[in-house]
Structure formats: C-alpha cells, structure tokens
Amino acid sequence: MYVLRRIGGWHRPLVLHAGLMFGLAVWSFVGLFADDRLLLGEPVWAKPMKFGIAMGIYSLTLAWLLTLLTKGRRVGWWVGTGFAVAGALDVGAVVWAAAHGTFSHFNQESNDVARTVQTVFSFGIMPLIIATLIIAVLLLMQRTGDRALTLALRAGLGLAFASMVVAGWLSASGGGYQRTEVDANGQLVSLVGQHGIGDPDGRGMFLTNWSTSGGDLRVPHFVGLHAIQVLLAAVALLHLLAGRMEWLRPERVRARLVGVVAFGYTGSFVILSWQAARGQSVVHPDAVTLVAFGAVVLLGAAGVRWAASGPLREAELASRA
C-alpha cells in the first residue's frame with residue numbers, strides 16, 4: 001500500500017522540519033509547567049505547542065505526499081523545501097513572541113519584538129499557501145495510487161488550501177478591531193484584528209481557546225487544514241476492512257465511499273466557515289446551522305447507501321450461488 005512507502009524516500013527537509021516542530025511541542029509542553037506567565041488567561045507556551053503539533057503533522061504529510069510524484073519531482077522538492085523554511089520562520093516568530101511574553105498575532109506595537117514578528121509574518125505566510133497550492137496542482141496532474149487514494153489526496157489538499165484562504169478572508173471580514181490588552185509582562189499592547197468574529201480573542205474553550213461567545217476563524221481553518229489526514233485514515237480503514245468484507249474489494253466501491261466522506265467533510269467545512277462568518281460560536285449552533293449539518297448527514301447517508309447497495313447485493317448473490 002502506498003501509505004507504507006519507506007521513510008528513507010520522504011522529503012528530508014520536511015521530515016527535519018517536522019522533527020523540529022515536534023521537539024518544539026515537547027519543549028513548549030514543559031514550558032506550560034515551568035513558566036507561569038499568561039496571555040489572555042492562557043499559558044504563553046500554549047500557542048507554540050499547538051503550532052508545533054499542527055505544523056509537524058502537516059509537514060510529515062507533505063513529506064510523504066511528495067514521494068508519490070512521478071512528474072514534477074524536482075519542482076516538488078523545491079516547493080517542499082520552501083514550505084519547510086517558511087514554516088520554520090513563521091513558527092519561530094510565534095516562539096519569539098511567546099519567549100518575550102507578548103502577542104504574536106495582531107500586535108501593532110513598534111518595539112523590536114513586535115516588528116520582527118510582523119516582518120516574518122508579512123513574508124512567511126504566503127509561501128505556505130502557494131506551496132500547498134502547487135503541490136495540490138502537481139498531484140492533480142497525475143495518478144498517485146488507486147482511485148480512493150487519489151481522490152483523498154486531491155480533496156484533502158484542496159481543503160487545506162481552502163482553509164488558508166478562508167482564514168485570511170474571515171480575518172479581513174472581522175474588520176480592523178482595535179483594542180488594548182495586557183501582555184504577560186504587565187505591559188499594555190495595542191492589537192488590531194482578531195481571530196474571533198463578534199467577540200475578541202481568547203476567553204474561550206479549554207486547550208483550543210476557540211471562542212464560546214462568537215465566531216472563530218480558527219475552527220474552519222483547523223478542520224480544513226487537517227482534512228487530508230482524516231481522508232487518508234478513511235482510505236486506510238477501507239483497505240483494512242476490504243480484507244474481511246468482499247464487497248469492499250472493488251476499487252470503485254472504495255473510491256465512492258471516500259467520495260462520500262470527502263463530500264461530508266467539505267460540507268462541514270463550508271458550514272463551519274459560514275457559522276464563524278455570522279459570529280456564531282461552534283459550541284452554540286442555532287437552528288439554521290443544525291439543519292445544515294443535518295442535511296449533510298442525510299445526504300452522506302444516502303451516498304453511503306448508493307455506494308454500498310450494488311456491491312452488497314452482488315456479494316449476497318455470489319454467496320447464494
């Protein structure tokens with residue numbers, strides 16, 4: 001199976017980057033207990049830890065994806081290397097701000113720390129978006145496995161790219177919300193912009209810090225960014241089940257079921273983006289949002305029935321023969 005390609009063939013700069021990110025996550029986890037400074041009620045090392053975990057997982061995924069290329073491998077190698085460098089700079093800026101006990105995002109101060117972070121973000125974020133788009137295009141140009149795997153890769157990377165675009169759009173739609181907050185050093189910091197829509201940053205859910213009183217662009221961003229891992233897990237699960245269930249062995253059946261999962265995931269991503277744009281918390285959906293989710297579930301169930309009904313009937317007839 002393609003997922004089990006040997007590690008030695010993976011994109012080394014991205015693997016190194018992932019190792020660095022996971023190391024940062026461990027370091028930051030220790031910092032949660034060793035450093036008692038808080039930003040908006042959250043430990044200063046919580047954000048670097050979350051960034052390290054998320055970026056590490058995503059980088060490992062890209063490192064594996066690049067082994068699937070049969071065309072454009074050289075372009076893929078350079079794009080992957082660019083992603084690793086830009087990602088290290090961006091996360092490094094988050095760590096730099098945390099170490100100084102101040103805000104990394106939306107910080108409009110003119111001190112050296114804030115200016116350094118602003119400069120890195122202004123040059124480092126766009127390469128991540130462009131690199132994801134280029135890798136997605138390269139994978140669209142070729143078949144990278146059976147139909148189920150190919151569909152999962154294309155849908156997953158498409159959603160990852162969409163999550164980055166939506167995060168930028170929602171951030172801009174939130175307006176230039178201006179406020180002053182106290183950093184971990186007791187200093188007043190001017191912030192312009194916010195993750196939340198209809199409510200400022202912070203004071204939210206445990207661990208994620210997503211807003212419980214308004215919309216939060218981080219929700220659809222997180223869901224879309226990690227779509228590819230969910231879809232690849234669905235492919236792997238179907239392959240395992242195919243060893244026990246004969247009706248899952250045809251390639252077209254697994255591809256259809258992965259398509260249903262991709263549809264449901266995409267629908268959820270769109271609804272979460274729409275919910276955040278309306279300033280509604282993910283934990284307090286209104287009736288319209290629940291109806292939308294219900295429609296996705298019903299359509300997904302219908303899709304599963306469509307994908308499975310024919311093969312199940314054929315398997316039943318074969319067992320009677």
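Here the structure is a predicted model, which means the values were calculated and not measured. (Residues numbered from 1 in each chain as written. Predicted model: local features only at pLDDT ≥ 70, side-chain atom pairs only at ≥ 80, totals over all residues. Heavy atoms only, no water.)

A. Seen up close, the packing of aromatic side chains. Inspection of the entire model under this criterion finds four aromatic pairs. Judged by centre distance (5.2 Å) and plane angle (75 degrees), the ring pair of F29 and F33 falls under edge-to-face. Placement of the pair is F29 and F33 together in helix α1 (residues 12-34), with a separation of four residues, close to one helical turn. The exposure class assigned to F33 is exposed, which follows from its relative accessible area of 66%. Lying over the aromatic face of W274, R278 brings its terminal NZ or CZ to 3.8 Å of the ring centre. (Phe/Tyr/Trp six-rings, centres within 6.5 Å; stacked < 30°, edge-to-face > 60°. Helix = DSSP H or I, 4+ residues; strand = E, 2+ residues; numbered from the N terminus. Buried < 20%, exposed > 50% of the residue type's maximum accessible area, 1.4 Å probe, protein only. Lys NZ or Arg CZ within 6 Å of the ring centre and 35° of its normal.)

B. Representation of the packing of helix α2 (residues 46-65) against helix α7 (residues 227-242). Between α2 and α7, whose axes approach to 10 Å, the crossing angle comes to 60 degrees. Between α2 and α7, the crossing angle belongs to the class labelled oblique. Seen from above, α2 lies across α7 with left-handed handedness. Judged by residue contacts, I57, Y58, T61, W64 and L65 of α2 engage I228, Q229 and L232 from α7. When its residues are assigned to classes, the contact of α2 with α7 shows six nonpolar, two polar and no charged. (Axes fitted to C-alpha atoms, helices over the stretch in contact; angles between N-to-C directions. Parallel < 35°, antiparallel > 145°, perpendicular 65-115°, else oblique. Left-handed = near helix turned anticlockwise from the far one by under 90°. Contact = heavy atoms within 4.5 Å. Nonpolar A, V, L, I, M, F, W, Y, C, P; charged D, E, K, R; others polar.)

C. Spotlight on the environment of W247. You can see W247 is positioned in the loop between α7 and α8 (251-277). A residue is classified by how much of its surface remains accessible, and W247, at 19% relative accessible area, is buried. In this structure, the C-alpha to C-alpha distance between W247 and S309, residues 62 residues apart in sequence, is 9.6 Å.

D. Here's a closer look at the side chain of S273. Structurally, S273 can be placed in helix α8. Accessibility expressed as a relative area gives 7% for S273, which makes it buried. Engagement of the side chain of S273 in a polar contact is seen with the backbone oxygen of F269, the distance being 2.9 Å. (Polar contact = N/O pair within 3.5 Å; in protein donor to acceptor, adjacent residues only side chain to side chain.)

E. Fine view of a nonpolar patch on the surface. A cluster of nonpolar side chains, V26, F29, V30 and F33, forms an exposed patch at the surface whose accessible area comes to about 440 Å². Considering the arrangement of structural elements, one finds V26 in helix α1. Take V26: its relative accessible area is 53%, and that puts it in the exposed class. (Patch = residues over 30% accessible without salt bridge, like charges linked within 9 Å, V, L, I, M, F, W, Y side chains within 5 Å. Areas by Shrake-Rupley, 256 points an atom, 1.4 Å probe, with all protein chains shown as cover. Salt bridge = Lys/Arg side-chain N within 4 Å of Asp/Glu carboxyl O.)

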